[in-house]
Amino acid sequence: MTNLPTAEQPQLQSADHWQLTTERLTIRQLTPADAPFMLALLNSPLWLHFIGDRNVHTLEEAARYIENGAMRSYEQYGFGSYRVSLRDTGEVIGTCGLFRRDTLPDIDLGFAFLPGYEGKGYGYESASAVLAYATNELKLARLTAFCNPENRASTALIEKLGFQFEKRIQYGEKESLLYGKQVAPVSGSIPAVEG
């Protein structure tokens, strides 16, 4: 079993102040003010190659993407995609979070980083903190993660986090590898969220 780094207790004073911190990172909810970062991430070469073009090409479109995606998910489900920044400098480097997708039965873990921040352990550190939050605070029993079969770095990270390969799936127009993980003792099934 892989030992995951522990996150400091999340600060839950209000939605505006929710955050997780790790040794090197701060993880918090996205807001429309993060549009410049999101525009850069959504149009980065690895995002376009492995995830796909989201047709977000202006700051206004990036702000709407955050509002209609992450912020709506926080309201509906209590979780979503989170902004990951360097704790020392505040520089935003990527996203990591939990997603409820209509076509998948379980909540999944996802992450993406700007060019130049891959291979430095930030994905593992942020995903470990989000996994701890999902287990300890949200009381989720099972999570999935999926990625493009060609994305060897994401596959390696998902496996390092303790997810086990389950099957190939079709997600959108792309084939993906689906992994699963029991993150807490099962005390019943995860309730389906309507919406």
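As the structure is a prediction and not an experimental result, all values here were calculated from the model.

Rules and cut-offs
- Residues numbered from 1 in each chain as written.
- Predicted model: local features only at pLDDT ≥ 70, side-chain atom pairs only at ≥ 80, totals over all residues.
- Heavy atoms only, no water.
- Pairing = 2+ DSSP bridges.
- Helix = DSSP H or I, 4+ residues; strand = E, 2+ residues; numbered from the N terminus.
- Buried < 20%, exposed > 50% of the residue type's maximum accessible area, 1.4 Å probe, protein only.
- Arc of directions from axis to C-beta.
- Contact = heavy atoms within 4.5 Å.
- pLDDT = per-residue confidence, 0-100.
- Phe/Tyr/Trp six-rings, centres within 6.5 Å; stacked < 30°, edge-to-face > 60°.
- Lys NZ or Arg CZ within 6 Å of the ring centre and 35° of its normal.
- Axes fitted to C-alpha atoms, helices over the stretch in contact; angles between N-to-C directions.
- Parallel < 35°, antiparallel > 145°, perpendicular 65-115°, else oblique.
- Nonpolar A, V, L, I, M, F, W, Y, C, P; charged D, E, K, R; others polar.
- Core = buried A, V, L, I, M, F, W, Y, C linked by side-chain atoms within 4.5 Å.

Visitor: Mind showing me how you'd approach the pairing of strand 8 (residues 174–182) here?
Guide: Walk down a regular strand and you will see the side chains alternate between the two sheet faces. Bridging between strand 6 (residues 142–147) and strand 8 involves six bridges; their strand directions are antiparallel. Bridging across to strand 8, Arg142 finds its partner in Gln182. Here strand 7 (residues 164–171) pairs with strand 8 via seven bridges, running antiparallel. By the bridge assignment for strand 8, Lys167 is matched with Leu178. Where strand 7 folds back onto strand 8 in an antiparallel hairpin, the turn is made up of two residues, including Gly172, whose phi is positive at roughly 65°.

Visitor: Help me out: how do you make sense of helix 5 (residues 152–160) in this one?
Guide: Three- or four-residue spacings in an α-helix give side chains the same orientation, since the helix completes a turn every 3.6 residues. Where helix 5 is concerned, the buried positions are Ser154, Thr155, Leu157 and Ile158. Angularly, the buried residues of helix 5 cover 165° about the axis, an arc narrow enough to put them on a single face. With respect to the buried face of helix 5, the exposed residues turned more than 90 degrees away are Arg152 and Ala153. Where helix 5 is buried, its residues meet strand 5 (108–113), helix 4 (122–136), strand 6 and strand 8.

Visitor: Before we go on, may I ask you to explain the confidence of the model for the protein in this structure?
Guide: Do not read the fine detail of predicted coordinates wherever pLDDT is low. Confidence along the protein averages 86 in pLDDT terms, with 85% of residues attaining 70 or more. The lowest-confidence element of the protein is helix 2 (residues 45–51), averaging 91 in pLDDT; the highest-confidence one is strand 3 (residues 81–86), averaging 98. For the stretch residues 1–15, pLDDT sits under 50, and the model shows 27 contacts to residues farther than four places along the chain or on other chains. Note on residues 186–195: pLDDT under 50 across the span, and ten contacts to partners over four residues away in sequence or across chains.

Visitor: It is not clear to me how helix 1 (residues 35–42) should be interpreted in this structure. Could you clarify?
Guide: Counting buried positions along helix 1 yields six of eight residues, so the element is predominantly enclosed. In the core, the buried residues of helix 1 are packed alongside helix 2, helix 3 (59–77), strand 4 (92–99) and strand 5.

Visitor: Sorry if this is basic, but what is going on with the packing of aromatic side chains here?
Guide: The geometry of two aromatic rings is summed up by the distance between their centres and the angle between their planes. Evaluation of the coordinates by the stated rule reveals seven aromatic pairs. An angle of 25° between the planes, with centres 5.8 Å apart, marks the rings of Tyr77 and Phe79 as stacked. With respect to class, Tyr77 is no different from Phe79; both count as buried. Residues Tyr117 and Tyr122 carry aromatic rings whose centres are separated by 6.4 Å and whose planes lie at 50° to one another, so their mutual orientation is tilted. Of the two residues, Tyr117 and Tyr122, neither departs from the other in class, the shared state being buried. A network of ring pairs unites the aromatic residues Trp18, Tyr74, Tyr82 and Tyr133 as a single cluster. Positioned above the aromatic ring of Tyr124 is the side chain of Lys160, whose terminal nitrogen or guanidinium carbon lies 4.4 Å from the ring centre.

Visitor: Any chance you could explain the packing of helix 1 against helix 3 here in plain terms?
Guide: For any two helices packed against each other, the geometry comes down to the angle between their axes and how far apart the axes lie. Interaxial distance between helix 1 and helix 3 falls to 8 Å at its minimum, and their mutual angle equals 95°. Between helix 1 and helix 3, the angle falls in the class roughly perpendicular. Here helix 1 contributes Ala35, Pro36, Met38, Leu39 and Leu42 to the contact with helix 3, which in turn contributes Leu59, Ala62, Ala63, Tyr65 and Ile66. Split into classes, the residues belonging to the contact of helix 1 with helix 3 amount to ten nonpolar, no polar and no charged.

Visitor: Help me understand the nonpolar core, please; the structure alone is not making it clear to me.
Guide: One recurring pattern in soluble globular proteins is that nonpolar side chains are buried together. Core analysis: the largest hydrophobic core is formed by 53 residues, its most contacted members being Leu98, Leu109, Leu143 and Phe163. When residues of this core are assigned to their parent elements, the largest contribution, eight residues, is made by helix 4. Leave out the neighbours within four places in its chain, and Leu109 touches Cys96, Gly97, Leu98, Ala127, Val130, Leu131, Thr144, Ala145, Leu161 and Phe163.

Visitor: Would you mind going over the pairing of strand 3 with me for this structure?
Guide: Buried residues dominate strand 3, accounting for six of its six residues. Of the two faces of strand 3, the one lined by Ser81, Arg83 and Ser85 and the one lined by Tyr82, Val84 and Leu86 are each fully buried. With five bridges joining them, strand 2 (residues 25–29) and strand 3 adopt antiparallel strand pairing. Note that in strand 3 the partner of Arg28 across the bridge is Arg83.

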